[in-house]
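Here's the letter readout for the chains.
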Amino acid sequence: SFEFADWRRVNRSILSHDNDALVFVDAAQTYDVIREAVAGLNDPYSTFLTPEEYRGRARGTTPANTTDTRGTAARSSSTSPAAGHYTAGVGLQLTDPLDGDEDLQVFAPVPNSPAEAAGIVPGDRVLRIDDVDLALARVSPDEAVALLRGPEGVPVRLAVRSVGGAGEVRDVEVRRANLAGPPVTWGVLDVVGRRTGYIRIHVFNERATDIVITALRRMQTDDVDAVVLDVRNCKGGVFQEAMVMASLFLKSPSSVIVQTIDGFGYQVTHTAQDQSACSPGCLLPLTPMAMLINGGSASSSEVLAVAMHDNRRAITVGTPSFGKGIIQHTVPLSDGSALTLTVGEFLSPKRTHVHHRGVAPDVLCEAAPRPNALQSDECVIAAVHALVDDPHGAAVGAHAEQG
């Protein structure tokens, strides 16, 4: 929920205690009270982060959802997030499953990570890390992320149950790597005989739009035939950055990017002319475009997807996106901890809800990303084929049937 009334209710509940009850003896007790307050919001996306968890989020090493509903009986020095202080990992974003399953669920592999290269996809379940049975040891997402960290170059063995199908379990060995990298990668490829600009967005941060502008200018000079924007497995980032990026592609200043509703019910329509990257549609205004999405595309990725799709600027190719159509603010606290709170919801330009629904693709492609072999990535090829067959985007809105 993002109703402001919920926060007022929880706040009154805490402050109604005797003053003596509000004098905490240590940080741990204070953190427990804050966690209880946040849990009272009944919003799985509003979370409290300890200083270590907040630093981990800045490094991109925390789970996708830090709300921990598991016990901590298995916690030890070997599974503590602080153990070893390693920053190398395999690039898995994990969460507790929503279907009652005991096994941790892959929200998404980090784009261009060892986990993605190994073929792990959103929805896969991780049963074991090296010799640790995660369900038996009641390992939380935080603890699992800590187990995945280690010295760079050292492999880790995973038992992974595939999503869908027969649910077979496979053993995967993944070599740990330093996951620090640019928010956007790009290049010009020859795909099915077409000179194709390819831009992959890993995270929407303060550097992302500048890199996209650089890429588009180079692609404009190279006279590309098509552009593929890839937000598969991108869990989002800064909401405002996604709107600024969308304005690069929309030709009319009055084009609606998204509409937002805050906790008081106040609604705002955000248009291309409200953003400041450059004049709307300033780069490659006539070049056919496609967006690649999947179940790991969330939040800011979905902002860009609905803006491009509803304005008929790009076709969407892949599988339905995650469906996190909410806006959050992170408030750093004085001791290095932080609160992440849901403060609003965004709707598509056509006023459709994204939250819990996601964005449906125009062209269905279920293949996993192939970051090390882009020219043979089935969804990249499907996107270019769709653009060749339909360069003016007549397929936009004709969503693929889901079987």
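Here, every reference points to the structure presented above.
Scoring rules and cut-offs
- Residues numbered from 1 in each chain as written.
- Predicted model: local features only at pLDDT ≥ 70, side-chain atom pairs only at ≥ 80, totals over all residues.
- Heavy atoms only, no water.
- Helix = DSSP H or I, 4+ residues; strand = E, 2+ residues; numbered from the N terminus.
- Contact = heavy atoms within 4.5 Å.
- Areas by Shrake-Rupley, 256 points an atom, 1.4 Å probe, with all protein chains shown as cover.
- Buried < 20%, exposed > 50% of the residue type's maximum accessible area, 1.4 Å probe, protein only.
- Polar contact = N/O pair within 3.5 Å; in protein donor to acceptor, adjacent residues only side chain to side chain.
- Disulfide = S-S within 2.5 Å.
- Phe/Tyr/Trp six-rings, centres within 6.5 Å; stacked < 30°, edge-to-face > 60°.
- Core = buried A, V, L, I, M, F, W, Y, C linked by side-chain atoms within 4.5 Å.
- Pairing = 2+ DSSP bridges.
- Salt bridge = Lys/Arg side-chain N within 4 Å of Asp/Glu carboxyl O.
- Expected span 1.5 Å × (residues − 1).
- Arc of directions from axis to C-beta.
- Axes fitted to C-alpha atoms, helices over the stretch in contact; angles between N-to-C directions.
- Parallel < 35°, antiparallel > 145°, perpendicular 65-115°, else oblique.
- Left-handed = near helix turned anticlockwise from the far one by under 90°.
- Nonpolar A, V, L, I, M, F, W, Y, C, P; charged D, E, K, R; others polar.

**Digging into the overall build of the protein chain**
Helices and strands together make up the secondary structure of the protein chain, namely nine helices and 19 strands. Considering only intrachain contacts with a sequence separation of at least 6, the fraction spanning at least 24 residues in the protein chain is 70%. A total of about 18200 Å² of accessible surface is found on the protein chain, and carbon and sulfur atoms cover 51% of it.

**Observations regarding helix H5 (residues 141-148)**
Taken across its eight residues, H5 has eight buried, putting it largely inside the fold. Listed in full, the buried residues belonging to H5 are Pro141, Asp142, Glu143, Ala144, Val145, Ala146, Leu147 and Leu148.

**Describing unusual backbone geometry**
Unusually for a residue other than glycine, arginine 138 sits at a positive phi of about 55°. Inspection of the secondary structure puts arginine 138 in the loop between strand S6 (132-133) and H5. On the basis of relative accessibility, which here comes to 43%, the residue arginine 138 falls in the partly exposed class.

**Some words on the environment of aspartate 262**
By the element assignment, aspartate 262 lies in strand S13 (residues 256-262). Expressed as a C-alpha distance, the spacing of aspartate 262 and phenylalanine 346, which sit 84 residues apart in the sequence, is 8.8 Å. There is a polar contact of 2.9 Å between the side chain of aspartate 262 and the backbone nitrogen of phenylalanine 264. A distance of 2.9 Å separates a polar side-chain atom of aspartate 262 from the backbone nitrogen of tyrosine 266.

**Thoughts on the environment of proline 44**
Relative to the helices and strands, proline 44 is located in the loop between helix H2 (27-39) and strand S1 (47-49). Residues proline 44 and threonine 342, spaced 298 residues apart in sequence, show a C-alpha to C-alpha distance of 9.4 Å.

**Some words on the state of the cysteines**
One pass over the full model with this rule turns up one disulfide. Two residues, cysteine 365 and cysteine 379, share a disulfide whose sulfurs are 2.2 Å apart. One quick way to see it: the torsion about the S-S bond of cysteine 365 and cysteine 379 is about -95°, and its sign makes the bridge left-handed. Highlighted residues: cysteine 365 in the loop between strand S19 (363-364) and helix H9 (378-389) and cysteine 379 in helix H9, separated in sequence by 14 residues. Here cysteine 365 and cysteine 379 have matching classes, each one buried.

**Let's talk about the side chain of serine 301**
Of note, serine 301 is situated in helix H8 (residues 300-310). Given the relative accessible area of 0%, serine 301 is considered buried. With sequence-adjacent residues up to four places away left out, serine 301 is seen in contact with Phe204, Val231, Cys234, Gly236 and Met291.

**Notes on the packing of aromatic side chains**
By the definition in use, this model includes three aromatic pairs. Here the aromatic rings of phenylalanine 107 and phenylalanine 322 are separated by 4.7 Å at their centres, their planes lie at 70°, and the arrangement is edge-to-face. You can see phenylalanine 107 sitting in strand S4 (residues 104-109) and its partner phenylalanine 322 sitting in the loop between strand S16 (315-318) and strand S17 (326-332), a full 215 residues away along the chain.

**So, the nonpolar core**
Nonpolar side chains in soluble globular proteins tend to end up buried together. Counting 43 residues, the largest nonpolar core has Ile199, Ile201, Leu216, Met245 and Phe249 as the members making the most contacts within it. At the level of secondary structure, the elements contributing two or more residues to this core comprise strand S11 (194-201), helix H6 (208-222), strand S12 (226-230), helix H7 (239-247), S13, strand S15 (289-293) and H8. Looking at this core element by element, the count peaks at seven residues for H6. Excluding its chain neighbours within four sequence positions, the residues that come into contact with leucine 216 are Ile199, Leu248, Phe249, Leu283 and Leu284. Val90, Leu134, Leu147 and Val160 belong to the second-largest nonpolar core, a separate cluster that totals 19 residues.

**What about the pairing of S17?**
Within a regular strand, side chains alternate between the sheet's two faces. Bridge analysis of S17 against strand S18 (residues 338-347) gives seven bridges, and the strand direction is antiparallel. What sits directly across from isoleucine 326, in S18, is glutamate 345.

**Description of the sheet that holds S12**
Taken in spatial order, the six strands of this open sheet run S10-S11-S12-S15-S16-S19, and their pairing is mixed. The strands lining the two open edges of the sheet, one partner per strand, are strand S10 (184-191) and S19.

**A word on the pattern of salt bridges**
Counting across every chain of the model gives twelve salt bridges. What emerges from the salt-bridge pattern is a single network uniting Glu116, Arg200, Asp230, Arg232 and Asp377.

**Some points on H2**
With 13 residues, H2 should reach 18 Å at 1.5 Å per residue; the first-to-last C-alpha distance of 18 Å fits that figure. For H2, the complete set of buried residues consists of Tyr31, Ala37 and Val38. Down the axis of H2, the buried set is contained in an arc of 120°. They therefore lie on one face. Away from the buried face of H2 by more than 90 degrees, exposed residues Glu36 and Ala39 are located. Taking the backbone nitrogen of alanine 28 as reference, a side-chain oxygen 3.4 Å away marks aspartate 26 as the first, capping residue of H2.

**Describing the environment of valine 231**
Of note, valine 231 is situated in the loop between S12 and H7. Taking C-alpha positions, valine 231 is 8.6 Å from proline 111, a pair spaced 120 residues apart along the chain. If sequence neighbours within four positions are ignored, valine 231 has contacts with Ile201, Phe204, Met291, Leu292, Ile293, Ser297 and Ser301.

**Observations concerning the packing of H7 against H8**
At a minimum axis distance of 8 Å, the contact between H7 and H8 shows a crossing angle of 25°. The pairing of H7 with H8 is recorded here as roughly parallel in orientation. By crossing handedness, the relation of H7 to H8 is classed as right-handed. In this structure, H7 contributes Phe239, Ala242, Met243, Met245 and Ala246 to the contact, and H8 contributes Ser300, Val303, Leu304 and Ala307. Classifying every residue of the contact of H7 with H8 by side-chain character gives eight nonpolar, one polar and no charged.

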